[in-house]
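Chains, contacts and geometry: an overview
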Amino acid sequence: MSLKVRYFLLIGLIHVLLLVLSFQLLKEQKLFFILAEFGIIVSFLLSIVLYRSFIRPLRFLYTGTNAIQDQDFGVKFVETGAREMDQLIRTYNQMIDQIRTERKESEEQHYFLQKIIQASPSGIFVFDYDGKLTDLNPKAKALFQLEATIIDDPKRQSAHTQLQALADLKAGQSELLVLEGAKRYRCESSEFVHRGFKRKFVLVQEVSKEMLEAEKHAYGKIIRMMAHEVNNSIGAINSILHSIQTFEELEKDWGKELVEALQIAIDRNSGLNQFMKNYADVIRLPKPNIQRNSIDDLCLETARLMQIQAKKRNISIEIKKPTTVVFAHFDQPQMEQVLINILKNAIESIGANGSIEIVLRSSPPQLKVRDNGKGIPDEVQKQLFTPFFSTKMNGQGVGLTLIRDILSHHQFDFSLKTQEDGWTEFLIAFY
């Protein structure tokens, strides 16, 4: 039952009772009866006027709340001249002005924030309470080569190892994420409150280039200093040893064993010199002379070079390429050095009796070197391409470091990991 109906029922009941009472005066005092009837009529009219005075602010409030509910903040009311009504109207108009101003500022801030997020050089990943990815900016898509549709596909998210690593980060936690190649990402997790619920977001920034330059600057200084001292010492020592070897009386007086020992010392010094030269070659790597070259020729020439070494171990090298010649822009000698090191590592990983596949794709140009060797353990995977890291007994770790530097200077994406089928794959993307 509406307020209007209840009000008039009450007023009607009161005035009916007054009419009944006034009829009691009809027999004795007619004049008072007439005055009573007139008073009842005036009272009823005043009740109607009073109702209108009460109901008008309510209608005003009803109209105002409907406008707010419809998010129409342009509705304002004109003062009527009634003090109470005008005070309510002024308060409402001030409230609407304030809401409209705050809404405009909020929309401007939201628009500005969206522009910043879209143009941010850092990848931004937003997760819900259950760790499901709900939003990401263009840089985040580019970093991990994601499609926008992954937001609506929880299965693909759970299969994506990088996304799961980000989802597992706790709020306030910072971590360095290492992928299959030499890429390194600084990940910082935080949270915000949205509609009463905590949401987590992760800022991801690639720091591979900065770390590479810092590492190269650090180990470059050490290697130059070591190479200088070692070369100076070895040169002087070998000169003395060679001079001693020329003494005719040496073998007669001291015996053949001493002559052989001197030669061993000279050979060891030469080995140490070559050892330092390998390190020095890494820091003396020149800038690539980039030209348009055939990747087909690169693969054929390098495979032919490594074929003899592979056959000795009963390892086959097979090239799979498209019918058309594939071209890319790179430094031919440096890329030959890269492919030789990759094939050498594949041969050593297999040991004996295995297969190596060189798979070439034209669009976009990609090169894969696959081998069915022993694979890469998880604990080793994270340390790949770390300067001078090696799992070999007498390894220097120069090969992968050299590969990393050459491909990074070419700005080629690359990765090295063991696939689910057991084959280890080195991928180079020539774009």
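Each remark here, short or long, concerns the structure printed above.
Cut-offs applied
- Once a new chain begins, its residue numbering starts again from 1 and follows that chain's sequence as written.
- Only residues with pLDDT of at least 70 get local features here, since the model is predicted, and only at 80 or more are side-chain atom pairs given and counted; chain-wide, interface and lining totals rely on the full set of residues.
- As a convention, hydrogens and water are excluded, and side-chain values are obtained from all of the structure's heavy atoms.
- An axis is simply a line fitted to the C-alpha atoms; with a helix, the fit covers only the stretch in contact. Between two such axes, the angle follows the N-to-C directions and lies from 0 to 180 degrees.
- Helix numbers and strand numbers start at the N terminus; a helix is a DSSP run of H or I with at least 4 residues, a strand a run of E with at least 2.
- Two helices cross in a left-handed way if the nearer one is turned anticlockwise from the farther one by less than a right angle. They cross in a right-handed way if the turn is clockwise.
- Only heavy atoms matter for contacts: two residues are in contact if any of them lie within 4.5 Å across the pair.
- Multiplying 1.5 Å by the helix residue count minus one yields the expected span of that helix.
- Burial here depends on accessible area, computed with a 1.4 Å probe over protein chains only, as a share of the maximum for the residue type. Under 20% is buried, over 50% is exposed, and the range in between is partly exposed.
- For the purposes of these results, a polar contact is taken to be a pair of N or O atoms within 3.5 Å, where, inside protein, one atom must be able to donate a hydrogen and its partner to accept one; residues adjacent in sequence count only when each atom of the pair is a side-chain atom.

**Considerations on the packing of helix 10 (residues 295-312) against helix 11 (residues 332-350)**
- Viewed as axis vectors pointing N to C, helix 10 and helix 11 meet at an angle of 35°, and their least axial separation amounts to 10 Å. Helix 10 and helix 11 meet at a crossing whose hand is right-handed. Within the contact between the two elements, helix 10 uses Leu298, Cys299, Glu301, Thr302, Ala303, Leu305, Met306, Gln309 and Ala310 and helix 11 uses Gln332, Met335, Glu336, Leu339, Ile340, Leu343, Lys344 and Ile347.

**Concerning unusual backbone geometry**
- The omega angle of the peptide bond from Ser363 to Pro364 is -10°, so this bond is cis rather than trans.
- The residue Asn353 is not glycine, and still its phi comes out positive at about 55°.
- Within the fold, Asn353 resides in the loop between helix 11 and strand 9 (354-361).
- For Gln411, which is not glycine, the phi dihedral falls at a positive 60°.
- Examined against the element boundaries, Gln411 turns out to sit in the loop between helix 13 (398-410) and strand 11 (413-418).

**A word on helix 13**
- Between its first and last C-alpha atoms helix 13 spans 18 Å; for 13 residues at 1.5 Å apiece the expected length is 18 Å, and the two agree.
- Of all 13 residues that make up helix 13, 11 are buried, and the element is covered over most of its length.
- Along helix 13, the residues classified as buried are Val398, Gly399, Leu400, Thr401, Leu402, Ile403, Arg404, Asp405, Ile406, Leu407 and His410.
- Of the residues trailing helix 13, Gln411 is marked for its positive phi of about 60°.

**A closer look at the environment of Arg199**
- By secondary structure assignment, the location of Arg199 is in strand 5 (residues 197-206).
- Classification of Arg199 by relative accessible area gives buried; the value is 17%.
- C-alpha of Arg199 to C-alpha of Phe127: the two residues are 72 residues apart in sequence and 6.2 Å apart in space.
- Arg199 has contacts with Val126, Phe127, Asp128, Thr134, Ser190, Glu191, Phe192 and His194, leaving out every residue within four places of it along the chain.
- A distance of 2.7 Å separates a polar atom in the side chain of Arg199 from a polar atom in the side chain of Thr134.

**What to know about the side chain of Gln334**
- The topology assignment puts Gln334 in helix 11.
- Here Gln334 falls in the buried class, since its relative accessible area comes to 6%.
- For Gln334, the contacting residues outside a window of four places in its chain are Leu285, Pro286, Lys287, Pro288, Ile406 and His410.

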